Amino acid sequence: MKSNKLHFATRTIHSGYDPHQNHGALTPPMHTSSTFAFNSVEQGGAAFAGDNDHYIYSRLGTPSQQQLEQRLADLEEAEAALVTASGMGAITSAIWSLVEPGDEIIADKSLYGCTFSFFEHGLKKFGVAVNYVDLSTPQFLSEHITDKTKLVYTESPSNPNMRLVDIAAVAKITRQYGIKFMVDNTFCTPYLQNPIALGADIVVHSATKYLGGHGDLIAGVVAGSAEVLLHIRQYGLKDMTGAVISGHDVALLMRGLKTLHVRMDRHCENAQKVAGYLQTSPYVKQINYPGLANFPQAELAKKQMRQPGGMIAFELNGSREQAADFVNQLELILCAVSLGDTESLIQHPASMTHSTYTEEELIAHLISPSLLRLSVGLEHVDDIIADLDQALESVFNGGSGNKGLSALA
Ligand SMILES: *Cc1c(COP(=O)(O)O)cnc(C)c1O
């Protein structure tokens, strides 16, 4: 099947799997076997030598994992993909495969909290330096590149504050210098943005979020060239992290992926309306949502993202305590980390996902102490807005807001 000729929606459902090769089974069989039997020592030896494509052991892959990887590679417009036990498993397996002691990484200033912890507490301990640069102004990137720089790393939009990085502009520079460029595409998914098509070399994901989409699994993805992916699979994943996905999670992820495009459309539609509501509230100071006309990088959002996504970062016109009180007053929207689920989730990064940062680090990494991160779910948007409204009224106006949701509590 020439799957690149088909539309994205069709590829999320069909790519990489043919029922007719699998006893007609509409849903891919789930492989949970840890090992695979050979019919002879010679056949086993040839498999280890790479002279046949017999499966060996599930740390190296299984048939259903391979189907999922083909689908993800296709969606990310990459030659190859690898699924892992978590997003951090994807990021660490990939980066351990690419750097050596003495190397330097240039990373954007704002990053997912555990990626930052890995850089600070993992890589540095083994002699890999990380230089945090504001990549939202890529014209200055060259000034930071040295002959030790091996990798440029960014998220776009970034977690938690929704800053964008011009992927094509950074890729143009990394190509000139022969440096690898890795993009965490978790917030967009390949439905909204394809970093490889924009010039990046490697894409990583937390598939726990929108790709899985139902809050019932933890998984990660690495996508890129076949050559780099083989190295990451056979070295970073097999020997260094062992962050192997389970067969059950392969099946769940394959199922979640089939509705990615439908879910993302609704996440974006709901988030646009929620951002519009927040903009009208006197209690909200600042909203970072790429779909708002006054978003500082609105032009860039239009250039590299097909839609603005389902994540909103915002600050209240109040103290850090009032921000916490607001979250505590919500009745429908759950206070939880993670994102991209059917349920709307909100969290306070300075207390939660980015709590390992010192006050100075929060400021240096552009995370305001009163920032809130909202993952807009798939509930009816009027109910999401009513909940935000009653919680804002309760914090700032003594609780005269919409109490219609208390029936749910
Ligand atoms: C959640 C997340 C990760 C880590 O993924 P896990 O699946 O939790 O290990 C990495 N990057 C971003 C942007 C995330 O949101």
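- Labelled according to an unreviewed UniProt entry, the protein appears under the name L-methionine gamma-lyase, originating from Marinicella pacifica.
- For the protein, the Catalytic activity (unreviewed entry) comment in UniProt is given as "L-methionine + H2O = methanethiol + 2-oxobutanoate + NH4(+)".
- Entered under Sequence similarities (unreviewed entry) in the UniProt record, the comment concerning the protein runs "Belongs to the trans-sulfuration enzymes family. L-methionine gamma-lyase subfamily."

## Examining the packing of helix H3 (residues 63–75) against helix H9 (residues 247–257)
Geometry of a packed helix pair, given as the angle between the helix axes and the separation of the axes.
Now for step 1: Orientation of H3 relative to H9, taken along the N-to-C sense of each, is 35°, at an axis distance of 9 Å. For the element pair H3 and H9, the recorded crossing hand is left-handed. Each of Ser 64, Gln 65, Gln 67, Leu 68, Arg 71, Leu 72 and Leu 75 in H3 lies in contact with H9, whose residues at this interface are Val 250, Leu 253, Met 254 and Leu 257.
Now for step 2: For the contact of H3 with H9, the per-class residue count stands at seven nonpolar, three polar and one charged.

## Quick look at the packing of aromatic side chains
Now for step 1: Under the defined criterion, the tally for this structure stands at ten aromatic pairs.
Now for step 2: Aromatic pair Phe 8 and Tyr 191: ring centres 5.1 Å apart, planes at 45°, arrangement tilted. With Phe 8 in helix H1 (residues 8–14) and Tyr 191 in helix H7 (residues 189–192), this pair connects stretches of sequence that are 183 residues apart.
Now for step 3: Overall, the relative accessible area of 14% leaves Phe 8 in the buried class.
Now for step 4: In this structure Tyr 191 comes out as buried when scored by relative accessible area, which is 17%.
Now for step 5: Measuring from ring centre to ring centre gives 5.9 Å for Phe 118 and Phe 119, while their planes differ by 45°; the resulting arrangement is tilted. In this pair, the class of Phe 118 matches that of Phe 119, namely buried.

Conventions adopted
- Residues numbered from 1 in each chain as written.
- Predicted model: local features only at pLDDT ≥ 70, side-chain atom pairs only at ≥ 80, totals over all residues.
- Heavy atoms only, no water.
- UniProt positions renumbered as here; feature names shortened; annotations may be inferred.
- Axes fitted to C-alpha atoms, helices over the stretch in contact; angles between N-to-C directions.
- Helix = DSSP H or I, 4+ residues; strand = E, 2+ residues; numbered from the N terminus.
- Left-handed = near helix turned anticlockwise from the far one by under 90°.
- Contact = heavy atoms within 4.5 Å.
- Nonpolar A, V, L, I, M, F, W, Y, C, P; charged D, E, K, R; others polar.
- Phe/Tyr/Trp six-rings, centres within 6.5 Å; stacked < 30°, edge-to-face > 60°.
- Buried < 20%, exposed > 50% of the residue type's maximum accessible area, 1.4 Å probe, protein only.

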